[in-house]
Amino acid sequence: MMQRREAVKSLVAGGATGLVGLSGPAAGAESAPARQRSVRLVHLTDVHVQPARSAPQGLAQAIRHIHWLPDQPDFILNGGDAIGDALEVGADEVAVQWKLWKAAWKEHGTLPVRNCLGNHDIWGWNKAKSKTQGNESGWGKQIALEQLELERGYYRFDHGGWRFLILDSLTFDEETAYRAELDPAQFQWLTDELQGTPPEMPVAVASHVPILTVGTVGFSHELRKYPQATRMLSHLDAAELLMLLRRFPNVKLCLSGHTHLTEHVMFGGIGFVNSGAVSGLWWKGDFLHTDEGYHVIDLYSDGTYQIQYVSYGWQADGPGQR
């Protein structure tokens, strides 16, 4: 009980950082009478739970921290990369990582969780390092979808008068293991969903890989050495996606993770919010001054939103090097 009180006291006293304004042209119009909070969610992403570096303890601490928030969220959105890595390892290691993920939520979590698929959740796409052929049972997305209790990587749900469209950013790529791009079937599904959504209903889109990001500047050194990685850091089909999303003024917010960086970009009336990683620099410390943490996001009836990035106080075993 004392630990819980101290955690809440720390949060209220300043452990929560980064309150950022509202979306759209109405920013600052606090007096609008129709504005009521419809949804509070936590966007938690890039956990990368694994046996090493005390990652299971870190995940447990993050889950508890969320459940101690004085103003509780309606649900948690897992933004992907739940486990350390399945792309480059064998099936036994993948099973161990998913066991840690499931155990942490079973022991510490009671809030509803919605899931988004991340690249590191996918088994064996790096065939050389995972020593797979591609015809093994569960290869690719199958195991991750089963563990996350998803029929497929993209879907929709409604909550509090908002519509949420969850995307699957990942397409297999022989050279780089994956690239961020929707296949034609998913792009058509997204188009149909947007067309079928009532125009007065605000929409939030979530993808693991950012659709629009300035965070790639943090990887400029690596990109000079390995330019193919551009297709891995942000959506290759960003121009097409932006053209589609801007056709629908009720699309208000796009959430993502992947880069382990926190950013908020406004473009064409849409807010693009990227959340820092629960794991920071893969459980080695913070990453480019971004603490280990998660976003608390409030969505309002008029289509505006507020975001708050919260550091949950994790201390790495030792300083890491990028």
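In this report, the structure presented in the accompanying data block is examined. (Residues numbered from 1 in each chain as written. Predicted model: local features only at pLDDT ≥ 70, side-chain atom pairs only at ≥ 80, totals over all residues. Heavy atoms only, no water.)

## Thoughts on the environment of Leu111
- Its place among the elements puts Leu111 in the loop between α3 (91–108) and β4 (113–115).
- Leu111 gets classed as buried once you look at its relative accessible area, which sits at 15%.
- Along the sequence, Leu111 and His67 sit 44 residues apart, while their C-alpha atoms lie 7.7 Å from each other. (Helix = DSSP H or I, 4+ residues; strand = E, 2+ residues; numbered from the N terminus. Buried < 20%, exposed > 50% of the residue type's maximum accessible area, 1.4 Å probe, protein only.)

## Quick look at the sheet that holds strand β11 (residues 263–267)
- The mixed open sheet is built from 6 strands, whose spatial order is β5-β6-β9-β10-β12-β11. Each edge of the open sheet carries a strand with a single partner, namely β5 (155–159) and β11. Neighbour to neighbour, the strand axes of the sheet diverge by 20° on average, direction disregarded.
- Where strand β9 (residues 203–206) and strand β10 (residues 251–256) come together, 4 bridges link them in parallel fashion. Of the residues in β10, the one forming a bridge with Val205 is Cys254.
- In this fold helix α6 (residues 184–196) packs onto β5, β6 (162–166), β9 and β10, with an angle of close to 175° to the strand it touches most, β6. (Pairing = 2+ DSSP bridges. Axes fitted to C-alpha atoms, helices over the stretch in contact; angles between N-to-C directions. Contact = heavy atoms within 4.5 Å.)

## Concerning helix α9 (residues 238–245)
- Among all positions in α9, only Ala238, Leu241, Leu242, Leu244 and Leu245 are buried. Down the axis of α9, the buried side of the element spans an arc of 160°, and every buried residue falls inside it. (Arc of directions from axis to C-beta.)

## Describing the pattern of salt bridges
- For the structure shown, the criterion picks out 14 salt bridges.
- Lys127 is paired through a salt bridge with Glu174; the nearest N and O atoms lie 3.9 Å apart. Here Glu174 lies in the loop between β7 (170–173) and β8 (177–180) and Lys127 lies in helix α4 (residues 127–130), a separation of 47 residues in the sequence.
- Classification of Lys127 as partly exposed rests on a relative accessible area of 28%.
- The closest approach of N and O atoms between Arg231 and Glu175, which form a salt bridge, is 3.3 Å. (Salt bridge = Lys/Arg side-chain N within 4 Å of Asp/Glu carboxyl O.)

## Quick look at the packing of aromatic side chains
- Counted under the stated rule, the structure contains 10 aromatic pairs.
- Relative to Phe164, the ring of Phe75 has its centre 5.6 Å away and its plane inclined at 85°; by these criteria the two rings are edge-to-face. Here Phe75 is found in strand β3 (residues 75–78), whereas its partner Phe164 is found in strand β6, with 89 residues between them in sequence.
- Where Trp139 meets Phe172, the ring centres are 5.8 Å apart and the plane angle is 75°; that geometry is what we call edge-to-face. In this pair, Trp139 is assigned in the loop between α4 and α5 (142–147) and Phe172 in strand β7, connecting sequence segments 33 residues apart.
- In this structure Trp139 comes out as buried when scored by relative accessible area, which is 17%.
- Relative accessible area serves as the criterion here: at 24%, Phe172 is assigned to the partly exposed category.
- Connected via pairs of aromatic rings, a cluster forms that spans Phe75, Tyr155, Phe157 and Phe164.
- For the cation-ring pair, Arg35 lies above Tyr300, with the distance from its terminal atom to the ring centre recorded as 3.6 Å. (Phe/Tyr/Trp six-rings, centres within 6.5 Å; stacked < 30°, edge-to-face > 60°. Lys NZ or Arg CZ within 6 Å of the ring centre and 35° of its normal.)

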